[in-house]
Amino acid sequence: FDLRDWLVARFQQSGYSVVRKNDILQIGPNPIRSKARLNAALRNLNAWGVTVEWKAPEDRKNYVGLTQGFLQQFLGVC
């Protein structure tokens, strides 16, 4: 839950529900600052419907975002 909590806190502070995957590796919670741990955490969050991942065609970078369903259900955001 470290990653989920970090993404939620980041969203609440900035209003952005999307972050570059590389930024998570660099400034995210210490326990997930390795690719293997981050990918394992993201697999779980994706399976639970908390996050989605994609590669943007315009800059070819990987992004992670909180799902609209998660934001509505747990944070009351429309």
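Residues numbered from 1 in each chain as written. Predicted model: local features only at pLDDT ≥ 70, side-chain atom pairs only at ≥ 80, totals over all residues. Heavy atoms only, no water.

Focus: the nonpolar core
Cut-off, in case you're wondering: Among buried residues, those of type Ala, Val, Leu, Ile, Met, Phe, Trp, Tyr and Cys that are joined through side-chain atoms within 4.5 Å constitute a nonpolar core. Exposure classes here rest on a 1.4 Å probe applied to the protein chains alone. A residue is buried below 20% of its type maximum, exposed above 50%, and partly exposed in between. Helix and strand assignments follow DSSP, with helices taken as H or I runs no shorter than four residues and strands as E runs no shorter than two, numbered in order from the N terminus. Whether two residues are in contact is decided by their heavy atoms, any of which lying within 4.5 Å being enough.
Counting residues in each nonpolar core, the largest one holds 18 residues, and the members touching the most others are Leu3, Leu7, Ile24, Leu38 and Leu66. When residues of this core are traced back to their parent elements, those giving at least two are helix H1 (2-14), helix H2 (21-27), helix H3 (35-47), strand S3 (62-66) and helix H4 (68-75). Per-element tally for this core: the top contributor is H1, with five residues. Beyond its immediate stretch of four places on either side in the chain, Leu66 contacts Leu7, Val8, Phe11, Ser17, Val50, Thr51 and Leu71.

Concerning the pattern of salt bridges
Rules: Salt bridge, as used here: a side-chain nitrogen of Lys or Arg that lies within 4 Å of a carboxyl oxygen of Asp or Glu.
Evaluated as defined, the whole model comprises three salt bridges. A salt bridge links Asp5 to Arg4, with the nearest nitrogen and oxygen atoms 3.1 Å apart. Here Arg20 ties to Asp23 by a salt bridge, and the two come within 3.5 Å at their closest N and O atoms.

A word on the packing of aromatic side chains
How we decide: We call Phe, Tyr and Trp rings a pair once their centres come within 6.5 Å, taking the six-membered ring for Trp, and we label the pair stacked below 30 degrees between planes, edge-to-face above 60, and tilted otherwise.
One pass over the structure, following the stated rule, counts two aromatic pairs. Between the aromatic rings of Phe70 and Phe74, the centroid separation amounts to 5.1 Å while the plane-to-plane angle is 35°, which identifies the pairing as tilted. Within this pair, Phe70 and its partner Phe74 are both found in helix H4, separated by four residues, close to a single helical turn. Under the relative-accessibility criterion, Phe70 is labelled buried at 6%.

Shape is all these values report; function is a separate question.
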